[in-house]
Amino acid sequence: MEKSRREFLQKITLASTIIPFANMESKGNYEGKKLRVALIGLGSYATNQVLPGIQKSTMCELGGIVTGTPAKKESWMAKHNLAEKNCYNYQNFDEIKNNPDIDAVYVVLPNSMHKEYAIRAAKAGKHVICEKPMALNAKEAREMIAACKAAGVTLSIGYRLHYEPHTKEIMRLAKDQDYGKIKFVDGKFAWKNRDPKAWRMNNQYSGGGAFMDVGIYCINASRYATGEDPISVTAQAIKTEPEIYRDIEETMQWQLNFPSGAVARGTSSYAFNCHKLAVHYEKGNLEMEPAYDYGPIKGKTHKGPMEFPHTHHQTLQMDGIADSILNNKPLRTPGEEGLKDMIIMDAIVKASKTGKVVPIVYS
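Now for a description of the structure that goes with this document.

Rules used throughout
Residues numbered from 1 in each chain as written. Predicted model: local features only at pLDDT ≥ 70, side-chain atom pairs only at ≥ 80, totals over all residues. Heavy atoms only, no water. Helix = DSSP H or I, 4+ residues; strand = E, 2+ residues; numbered from the N terminus. Rg over C-alpha atoms; globule rule 2.2 N^0.38 Å. Buried < 20%, exposed > 50% of the residue type's maximum accessible area, 1.4 Å probe, protein only. Contact = heavy atoms within 4.5 Å. Areas by Shrake-Rupley, 256 points an atom, 1.4 Å probe, with all protein chains shown as cover. Pairing = 2+ DSSP bridges. Axes fitted to C-alpha atoms, helices over the stretch in contact; angles between N-to-C directions. Parallel < 35°, antiparallel > 145°, perpendicular 65-115°, else oblique. Left-handed = near helix turned anticlockwise from the far one by under 90°. Nonpolar A, V, L, I, M, F, W, Y, C, P; charged D, E, K, R; others polar. 1 Å grid on protein atoms, 1.4 Å probe; cavity = no way out; pocket = protein on both sides within 12 Å on 5 of 7 lines; lining within 4 Å. Points joined across faces, edges and corners; volume = space filled by probe spheres on them. Core = buried A, V, L, I, M, F, W, Y, C linked by side-chain atoms within 4.5 Å. Phe/Tyr/Trp six-rings, centres within 6.5 Å; stacked < 30°, edge-to-face > 60°. Lys NZ or Arg CZ within 6 Å of the ring centre and 35° of its normal.

1. Examining the overall build of the chain
Phase 1 of the analysis: Counting its regular elements, the chain contains 10 helices and 15 strands.
Phase 2 of the analysis: Since a compact globule built from 363 residues should have a radius of gyration of about 21 Å, the 20 Å found for the chain is in line with a globular shape.
Phase 3 of the analysis: Taken along the three principal axes of its C-alpha coordinates, the chain extends 55 × 45 × 40 Å.
Phase 4 of the analysis: For the chain, the residues scored as buried account for 57% of the 363 residues in total.
Phase 5 of the analysis: Within the chain, counting contacts between residues at least 6 apart in sequence, those at least 24 apart form 70% of the total.
Phase 6 of the analysis: For the chain, the exposed surface amounts to about 15700 Å²; the carbon and sulfur share of it is 51%.

2. Quick word on the sheet that holds strand β6 (residues 155-157)
Phase 1 of the analysis: The strand order β3-β2-β1-β4-β5-β6 describes an open sheet built from 6 strands, whose pairing is parallel. Both edges of this open sheet fall to β3 (87-88) and β6, since each of them pairs with a single strand only.
Phase 2 of the analysis: Bridging between strand β1 (residues 35-40) and strand β4 (residues 104-107) involves 4 bridges; their strand directions are parallel. Residue pairing in the sheet places I40 in a bridge with V107 of β4.

3. Remarks on the packing of helix α8 (residues 210-226) against helix α10 (residues 335-354)
Phase 1 of the analysis: The N-to-C vectors of α8 and α10 enclose an angle of 115°; their axes lie 10 Å apart at closest approach. In terms of axis orientation, α8 runs roughly perpendicular to α10. Seen along the crossing, α8 lies across α10 with a hand that is right-handed. Along the contact surface, α8 presents F211, M212, I216, I219, N220 and R223, while α10 presents E337, K340, D341, M342, I344, M345, I348 and V349.
Phase 2 of the analysis: For the contact of α8 with α10, the per-class residue count stands at 9 nonpolar, 1 polar and 4 charged.

4. Points about empty space enclosed by the protein
Phase 1 of the analysis: Throughout the structure, instances matching the rule amount to 3 cavities of 30 Å³ or more.
Phase 2 of the analysis: In this structure, the second largest cavity spans a volume of roughly 50 Å³.
Phase 3 of the analysis: Taken together, K132, Y159, R160, L161, H162, I216, Y217, N220 and Y224 make up the full set of residues lining the second largest cavity.
Phase 4 of the analysis: Here the lining of the second largest cavity is built from residues that sort into 5 nonpolar, 2 polar and 2 charged.

5. Brief notes about the nonpolar core
Phase 1 of the analysis: Ranked by size, the top nonpolar core spans 84 residues in total, and within it W254 and L277 carry the most contacts.
Phase 2 of the analysis: One finds L35, L39, W76 and L82 within the second-largest nonpolar core, a separate group that totals 27 residues.

6. Considerations on the pairing of strand β8 (residues 232-238)
Phase 1 of the analysis: Bridge count between β8 and strand β9 (residues 251-257): 7 bridges; the pairing is antiparallel. The partner of I238 across the bridge, within β9, is T251.
Phase 2 of the analysis: Relative to strand β15 (residues 358-359), β8 runs antiparallel, the two being bridged by 2 bridges. In the strand pairing of β15, S232 is matched with P359.

7. Some thoughts on helix α4 (residues 114-123)
Phase 1 of the analysis: Across the 10 residues of α4, 7 count as buried, placing the element largely inside the fold.
Phase 2 of the analysis: The set of residues buried in α4 consists of H114, Y117, A118, I119, R120, A121 and A122.
Phase 3 of the analysis: Lining the buried residues of α4 we find β1, β4, β5 (127-130) and α5 (138-151).

8. So, the packing of aromatic side chains
Given two aromatic rings, their pairing is described by the distance between the two centres and the angle made by the two planes.
Phase 1 of the analysis: Taken as a whole and assessed by the stated rule, the structure comprises 10 aromatic pairs.
Phase 2 of the analysis: Ring geometry for W191 and Y270: centres 5.5 Å apart, planes at 80°, overall edge-to-face. Remark: Y270 occurs in the loop between β10 (263-269) and β11 (274-281) and W191 occurs in the loop between β7 (182-190) and α7 (203-206); sequence separation between them is 79 residues.
Phase 3 of the analysis: For W191, a relative accessible area of 3% translates into the label buried.
Phase 4 of the analysis: Note on Y270: relative accessible area 1%, which makes it buried.
Phase 5 of the analysis: Sitting over the ring of Y294, R160 keeps its end group 4.2 Å from the ring centre.
Phase 6 of the analysis: Residue placement shows R332 over the ring face of Y163; its charged tip is 5.8 Å from the ring centre.

Shown next, in the form of structure tokens:
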């Protein structure tokens, strides 16, 4: 059985968590309209994280599924009381446009399939939630944004950490500068992946190695930790075992330069296990480990532990997205947020190939 990066993270979560989830067990007294979401792709992440997030949310409910596996369709229909008319495969998916029972779709597929299904969903008139990285490159990301705008539907990217309390505090510190200006950010996200059968090891589906898998976390973290978008980058792609990582990189390291003078170093790898974030300010520092998985996320500053409740990220994210769509509020993580990261990722790949400083242009 394929052991995905997400399965690895889930094992960490189960091993380290004995406290109950806060803010996720009660649906409260909400009686308004709910966002009915269909999941596209029923792999481990959709099953073990996104689905519970929807089920425990206040403003969402599972509206349907899209799967290429008939056995999964039958199982999900029985287990989650889904009508057959709300269950699709990849061939008849476009018929979802005629289904008023589904308001939005959540694309939980390999990276190479994000653009296709986001655009098909948009043309069907459904709001789109898409896992990160949102596409294989900035060109695809722009096409997804354009398709959703043309169809008059919203496009949200699954940056669940933007709803998580520790992460929101890092964003606040960047804005309010309690500890002064940000000087240096160091993000590392790595996990051991040596399975040649995993889709993440196939460039056709993943678009790269660890960088396209978990590098996105470090890139986005450097942006929310500084409150800025980087302007240039240098990078190196590394393979210590080319016989295993044939058409993908094993490790990527990069250095981002920001307008304020802040610098961020990032590392993604399939060679070891690590998920840390450190932010160094003029008057102090902050560290989180684990910083990116389902946790419980733990953090501390030079003043002591960061005391925030452990929450289920997908529950917070699904309620946040639903609130924006149902109440016509600005999205917290729109397609444009994902596009910025794709532009940066494109620049990092270019820098790793040329060995030069590559400017980052967002227009």
